[in-house]
Amino acid sequence: MARAERLRCLTLLSTYTAEKITASCFGTNSGNPFVQHLNLCQGLLTGAIALNLLILYYVSRAQQQMMEKRRDSGKVYPKKAALPISGLGAGGGVVGGVAVGAGTRGGSSSRSPRITVLLREFEDFENYVSDVARSFQQQRPELPFLVVADNLPYPPLALPEGSRLLVLAPSPDQPPQAHRPEFHVQTEYVLLVPDGVELEHGRQLERLIRELEGEGGGPVRLVAAPVLARSAVQCLHLRVSLRDWTATYATAASGSSGSVCTALRGDAVVLIRTEDLFNLSTPLARPLLTSLFIQTSLRGWKVKLLEGPSFAAGHRPLFSSAHNQWKADTRLRDATNRLMRDFGIRRIIQPDSKEQWFGCGKETPRCFGTVKDDTPEYLYLDRWTPPCCLRALRETTKYVIGILESSGVRYWLEGGSLLGAARHQDIIPWDYDVDLGIYLEDVPNCDYLKSLDAGSLVDANGYVWERAVEGDFYRVQYSEANHLHVDLWPFYARNGIMTKDTWTEHKQDVEFPEHFLQPLVPMQFAGITAYAPNNHRAFLELKFGEGVIENPQYPNPMKKKLDRSRF
């Protein structure tokens with residue numbers, strides 16, 4: 001008998017028993033003393049009620065358990081085991097419910113595959129994804145073939161049977177694991193292949209696996225093979241400094257059995273353990289190889305580039321028209337800009353020492369917001385001033401000093417800028433502005449300064465001159481959009497002491513003897529020769545304290561302290 005039927009019978013039985021006892025107790029009872037009969041009935045009725053309540057409790061608990069089981073059966077839990085290997089090895093389609101190339105692959109091996117072939121880099125307006133899938137399926141039909149795209153490609157891909165398309169963009173009607181690639185790769189390795197590549201024979205894959213397994217648990221965590229020719233791929237050493245927002249590439253030497261380096265540039269097929277790939281923060285961000293090697297180099301991993309054999313490519317160049325090539329180049333540039341922004345990289349130094357910039361400029365805001373408590377936001381991220389901001393500060397400093405010198409305004413390096421000159425001959429690597437002291441009596445010599453009684457002006461080179469709202473001093477901004485700036489602090493002499501009429505809360509904003517400025521002496525700073533107090537050590541220790549040059553510290557150690565072991 002079903003559980004529900006048994007529960008119904010028990011309920012009816014308990015109700016019937018209670019009714020019979022009640023009728024017996026309160027019916028006609030001639031021949032028996034009423035009080036004795038009533039006491040007996042009371043006992044029986046009490047027992048029947050208790051039995052009835054017990055049965056009702058059991059029925060309620062059983063119904064609750066049945067409802068919970070029904071709810072649980074409708075849930076989808078994000079377990080990798082919920083997606084069997086056969087779902088990627090034998091079936092076809094779009095992960096997320098749109099069927100493409102569905103069917104059963106013939107001739108597959110009963111042995112579980114060790115590699116999932118993954119194609120990430122392609123353009124929807126012109127590609128050879130279906131040709132790549134067929135090439136691998138002809139040689140190794142048992143291997144899962146997964147195509148990954150940010151959005152559903154248009155025009156749709158004509159994928160062959162056994163291939164799958166995974167769309168990374170989430171959909172409100174799908175569970176989260178439907179769009180996460182780690183749930184759709186069940187093999188030990190992932191082979192990252194570019195568009196247009198061909199697999200000529202399965203031995204190429206076996207060689208890659210042997211090479212990677214031969215490295216054991218060492219630093220080599222990826223193995224790569226060139227496409228077409230070894231000369232098409234550069235093996236590079238990559239050093240990424242998140243603190244300095246900079247990635248630096250250098251050429252690596254090659255050997256007879258292969259090159260070991262930290263990054264590749266060019267056309268290559270890359271084998272990586274699945275566990276390693278999906279332990280990266282963004283394993284499939286585009287551009288794929290750029291993103292991959294930035295993350296692996298930060299972990300100390302290396303890649304071994306084999307000298308051969310090369311993978312074939314029946315479609316090179318990939319694009320049949322100059323217009324499509326231009327579209328692809330534009331998308332690559334946009335993807336690179338997004339990646340560098342997301343990774344917090346503002347400068348790339350190429351092997352030929354050329355620089356690429358991804359940060360702020362004259363037409364864009366600076367890389368950080370308003371500074372609170374003398375502690376810019378990037379210090380809380382354990383980073384220093386972005387290099388694009390330092391570059392803008394150097395340009396502004398050189399420009400302002402040139403104007404002051406040509407106008408006959410005496411100036412000197414002040415505060416943290418003088419401290420940077422003493423330590424680095426440059427701006428302190430975590431500083432966010434430049435400070436110069438000037439003689440108040442020389443202000444009328446400069447056309448830009450003498451016109452700043454109210455408001456501000458933009459000069460012919462786009463620099464903004466203004467009287468600062470925070471106090472009685474002047475400020476020169478890099479541009480109207482970018483507020484990186486040089487502050488000009490006017491002092492005047494009184495009884496041999498340089499003083500001002502207004503002061504800030506900065507501890508270095510104090511009076512000092514004029515003899516430090518008589519004479520002013522040249523000092524290297526930010527790529528130029530500037531003027532500074534004649535005894536800069538005594539001047540700095542007067543303002544900041546003894547040993548300030550040898551003991552660097554952030555401007556407000558109460559908010560953020562410098563880890564000197566990293567300095």
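Just above sits the structure.
Owing to the predicted nature of the structure, the values given are computational and were not obtained by experimental measurement.

Turning to the state of the cysteines, a few remarks are in order. Summed over all chains, the structure comprises 1 disulfide. With its sulfur 1.8 Å from that of its partner, Cys235 forms a disulfide with Cys261. Across the disulfide from Cys235 to Cys261, rotation about the S-S bond amounts to roughly -95 degrees, and the bridge is consequently left-handed. In this pair, Cys235 sits in strand 8 (residues 233-241) while Cys261 sits in strand 10 (residues 259-261), placing the two residues 26 residues apart along the sequence. Exposure remark for Cys235: the relative accessible area of 5% places this residue in the buried category.

Okay, the sheet that holds strand 9 (residues 246-251) next. The strand order 11-8-9-15-16 describes an open sheet built from 5 strands, whose pairing is mixed. Edge positions in the sheet fall to strand 11 (263-266) and strand 16 (355-357), since each has one partner strand and no second. Recorded for the sheet is a direction-independent mean angle of 25 degrees between the axes of neighbouring strands. Summarising the sheet, strand 15 (residues 347-349) and strand 16 pair through 3 bridges and their orientation is antiparallel. The residue bridging Ile348 from the neighbouring strand is Gln356, located in strand 16. Contacting strand 8, strand 9 and strand 11, helix 7 (residues 288-298) runs over the sheet at an angle of about 55 degrees to strand 8.

Both the distance between ring centres and the angle between the ring planes are used here to describe each pair of aromatic rings. Within the structure shown, the criterion is met by 17 aromatic pairs. Pairing Phe136 with Phe145 gives two aromatic rings, centres 6.1 Å apart and planes at 50 degrees, and the pair type is tilted. Of the residues examined, Phe145 reaches a relative accessible area of 2% and is grouped as buried. Taking the centre distance of 4.7 Å and the plane angle of 25 degrees together, the rings of Tyr448 and Trp465 count as stacked. Placement of the pair is Tyr448 in helix 11 (residues 447-450) and Trp465 in strand 20 (residues 464-467), with a sequence separation of 17 residues.

We now examine the environment of Pro533. Among the secondary structure elements, Pro533 is positioned in the loop between strand 26 (528-532) and helix 12 (536-544). With a relative accessible area of 1%, Pro533 lands in the buried category. Linking Pro533 and Pro522, residues 11 residues apart in sequence, is a C-alpha distance of 8.7 Å. Aside from chain neighbours lying at most four places away, what touches Pro533 is Trp412, Leu413, Leu418, Phe516, Leu517, Leu520, Val521 and Phe539.

We now examine empty space enclosed by the protein. In the structure shown here, the tally under the stated rule is 1 cavity of 30 Å³ or more. Here the largest cavity defines a volume of roughly 30 Å³. Lining of the largest cavity is provided by Gln204, Arg207, Leu208, Ala225, Leu306, Pro309 and Phe311. Here the element with the most residues in the lining of the largest cavity is helix 5 (residues 203-214); it accounts for 3 residues. Tallied by class, the residues present in the lining of the largest cavity amount to 5 nonpolar, 1 polar and 1 charged.

Another aspect to go through is the packing of helix 7 against helix 8 (residues 322-343). Where helix 7 meets helix 8, the axes come as close as 10 Å, and the angle between the chain directions of the two elements is 20 degrees. With respect to each other, helix 7 and helix 8 are oriented roughly parallel. Crossing of helix 7 over helix 8 shows right-handed handedness. Residue-level inspection shows Thr290, Ser291, Ile294 and Gln295 of helix 7 in contact with helix 8, the latter providing Leu339, Met340 and Phe343. By residue class, the composition of the contact of helix 7 with helix 8 is 4 nonpolar, 3 polar and no charged.

The next thing to look at is the layout of surface pockets. Each pocket or cavity is described by its volume, and for the second largest pocket that value is around 1,300 Å³. Around the second largest pocket, the lining is made up of 44 residues, and of these Asp374, Tyr432, Asp433, His506 and Gln508 lie nearest the centre. Looking at the lining of the second largest pocket, the elements that each hand over two or more residues are helix 10 (415-424), strand 22 (485-494) and helix 12. Partitioned by chemical class, the residues of the lining of the second largest pocket number 15 nonpolar, 12 polar and 17 charged.

Turning our attention to the pairing of strand 9. Here 6 bridges tie strand 8 to strand 9, and the two strands are oriented antiparallel to one another. Bridged to His237 within strand 9 is Ala250. If you look at the hairpin formed by strand 8 and strand 9, you'll find 4 residues sitting between the two strands, and Trp245 has a positive phi there, around 60 degrees. Examined bridge by bridge, strand 9 and strand 15 share 3 bridges and lie parallel to one another. Bridge pairing in strand 15 places Thr248 opposite Ile349.

Relative to the assigned elements, Ser479 resides in the loop between strand 21 (474-477) and strand 22. A polar contact of 3.3 Å, which involves the side chain of Ser479, links it to the backbone nitrogen of Ala481. Once residues lying within four places of it in the same chain are set aside, the contact partners of Ser479 are Lys362, Gly462 and Val464.

Rules used throughout
- Residues numbered from 1 in each chain as written.
- Predicted model: local features only at pLDDT ≥ 70, side-chain atom pairs only at ≥ 80, totals over all residues.
- Heavy atoms only, no water.
- Disulfide = S-S within 2.5 Å.
- Helix = DSSP H or I, 4+ residues; strand = E, 2+ residues; numbered from the N terminus.
- Buried < 20%, exposed > 50% of the residue type's maximum accessible area, 1.4 Å probe, protein only.
- Pairing = 2+ DSSP bridges.
- Axes fitted to C-alpha atoms, helices over the stretch in contact; angles between N-to-C directions.
- Contact = heavy atoms within 4.5 Å.
- Phe/Tyr/Trp six-rings, centres within 6.5 Å; stacked < 30°, edge-to-face > 60°.
- 1 Å grid on protein atoms, 1.4 Å probe; cavity = no way out; pocket = protein on both sides within 12 Å on 5 of 7 lines; lining within 4 Å.
- Points joined across faces, edges and corners; volume = space filled by probe spheres on them.
- Nonpolar A, V, L, I, M, F, W, Y, C, P; charged D, E, K, R; others polar.
- Parallel < 35°, antiparallel > 145°, perpendicular 65-115°, else oblique.
- Left-handed = near helix turned anticlockwise from the far one by under 90°.
- Polar contact = N/O pair within 3.5 Å; in protein donor to acceptor, adjacent residues only side chain to side chain.

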